[in-house]
Amino acid sequence: MTTIHGIASSKDGSTLISGQFTRREAFPAPMHSSCLRLAPTPVDQWRPLPIPTDGHLELTLGDRIHGGTSGTAYLADVVSSTSTGMPPRVVVKFARQCRTLAREAWFYEQLSRESNCEGVIAPKCYGFFVGWRKDWDASQGGDQCSDFVFKPTHNAPSSESPPLWYDLADDELFNPDFWLYFCDDAGIKRESEWNTFNDDDDDGDIAAILILEVLGDFYPAPMIDEEALGDIKEIVTDLAYTGIRHYDIRHANVVRRLESSDKETSFCYRHQKVHDWRIIDFDRATRTLFTKKNPRDMQACLDQANLVGNEYFMGTLKPWVYNVQY
Ligand SMILES: Nc1ncnc2c1ncn2[C@@H]1O[C@H](COP(=O)(O)OP(=O)(O)O)[C@@H](O)[C@H]1O
Ligand SMILES: [Mg+2]
């Protein structure tokens, strides 16, 4: 359970309201390949992690960091926590679409199961939670849900946003537009509560959050900093070895490590250094299983590193043009 103080206020701003969030399962992706011969999905690896049954985190919502296409990130102070090792501050990413954030949460879980990933090339993730605004209003003595103003606000959706892969393709075995195969042979995605979830059915009552380690500014495109771009290529290569394809590698999704981060736990054994950058925003990602039968998939994953520094990365090429060409 997570409590966020100051998540909403009374209409006149005089009373701050706290919101309760409960931990939820992440939304598994179907297995993805650019080859038709897909191996059976390794079910243990693919299932969402079990939900911890106890534990409580108490946060106070701070300033908005940035709005993106799928969510908006806020800083929050940790007031109390039953788990050890919580930092004094975290980032809370509020979903624009809960199903999308549930999918992103699954990628953070997958990274936490791999070596050399969580806290090394991507932020540490402290969980995925869901809350209902009506409940918070009732618990604070309000008569109706409309009695308070929800603090997190999103930027208007951009018409130039690239399409989400899973909305396009993840229910299909084969997507001819992109020449990609998706497979849910074990039904792990189909069985998820998120599979049929539609935010529009909910009147905006549900709020989903992902709690992440605080990182710094994103890459200052279109500046060319060879040393930084080299480091970013390395983290993208580390990601590639997990079979995860990010599909949105660009400056705004690569953020700086903070000087205060723990150097011991963030050491990359592959590159024998602490990387200066982290990859975020896995809402478009897909995951492949490398086998001897699909060498093309490993190559496609590794090729992601070549995208670092290209026009799309620098933000000078429209995303949809890039995706169709890829
Ligand atoms: N853990 C974090 N630390 C620091 N800044 C972050 C963090 N997560 C997100 N941000 C900031 O918020 C922006 C939007 O977050 P992102 O996860 O990319 O959402 P979207 O899917 O909406 O693009 C990022 O470009 C980055 O500037
Ligand atoms: Mg982003």
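Note that residues are indexed from 1 along each chain, following the sequence as it is written. As they are written, the chains are lettered A onward and the ligands numbered 1 onward, keeping that order. Per-residue local features are limited, in this predicted model, to residues with pLDDT of at least 70; the limit for side-chain atom pairs, both in listing and counting, is 80 or more; totals at the level of whole chains, interfaces and linings are taken over all residues.

- With an unreviewed UniProt entry as reference, the chain is termed Protein kinase domain-containing protein, source organism Agrocybe chaxingu.

1. Here's the deal with the overall build of the chain
Moving on, step 1. Looking only at helices and strands, one finds eight helices and 17 strands in the chain.
Moving on, step 2. Relative to its 326 residues, the chain shows a buried fraction of 39%.
Moving on, step 3. Expressed as a percentage of contacts within the chain between residues at least 6 apart in sequence, the contacts between residues at least 24 apart total 74%. Runs of E in the DSSP output that reach at least two residues are strands. Runs of H or I that reach at least four are helices, and both are numbered from the N terminus. To sort residues by burial, count the other C-beta atoms lying within 10 Å of each one's C-beta; a count of 20 or more means buried, 12 or fewer means exposed, and anything in between means partly exposed. C-beta atoms are built from the backbone. Two residues qualify as being in contact provided that their C-beta atoms, derived from the backbone, are within 7 Å of each other.

2. Digging into the confidence of the model for the chain
Moving on, step 1. On average, the chain scores 87 in pLDDT, and the residues at 70 or more come to 85%.
Moving on, step 2. A low-confidence stretch, residues 321-326 stays under pLDDT 50, and its non-local contacts, those more than four residues away or across chains, total four contacts. Per residue, pLDDT captures the predictor's confidence, and it can take any value from 0 to 100.

3. Comments concerning unusual backbone geometry
Moving on, step 1. With an omega of 5 degrees, the peptide bond between Ala221 and Pro222 qualifies as cis.
Moving on, step 2. Following the sequence through the fold, Pro222 ends up in the loop between strand E11 (206-213) and helix H5 (226-240).

4. Notes on the nonpolar core
Moving on, step 1. Ranked by internal contacts, the top residues of the largest apolar core, which has 65 residues, are Val92, Ala102 and Ile209.
Moving on, step 2. Per-element tally for this core: the top contributor is helix H2 (residues 98-113), with eight residues.
Moving on, step 3. Apart from residues no more than four positions distant in its own chain, Val92 is found in contact with Ile4, Leu59, Leu61, Tyr74, Ala76, Ile209 and Ile211.
Moving on, step 4. For this entry, the nonpolar core is defined as buried Ala, Val, Leu, Ile, Met, Phe, Trp, Tyr and Cys residues connected by C-beta atoms within 7 Å. If you look at the next biggest cluster of nonpolar residues, it comprises six residues, including Met31, Leu38, Tyr181 and Cys183.

5. Considering the pairing of strand E1 (residues 2-10)
Moving on, step 1. Only strands that DSSP links by at least two bridges are regarded as paired with each other. Summarising the sheet, E1 and strand E4 (residues 57-67) pair through four bridges and their orientation is parallel. For Thr3, the partnering residue across the bridge sits in E4 and is Glu58.
Moving on, step 2. Where E1 lies against strand E2 (residues 16-23), five bridges are found, and the strand directions are antiparallel. The residue bridging Ala8 from the neighbouring strand is Ile17, located in E2.
Moving on, step 3. Linking two consecutive strands that pair antiparallel, namely E1 and E2, is a turn of five residues; a positive phi of about 80 degrees is found at Gly13 within it.
Moving on, step 4. In this sheet, strand E8 (residues 148-150) lies alongside E1 in antiparallel orientation, the contact comprising three bridges. Bridged to Ala8 within E8 is Phe150.

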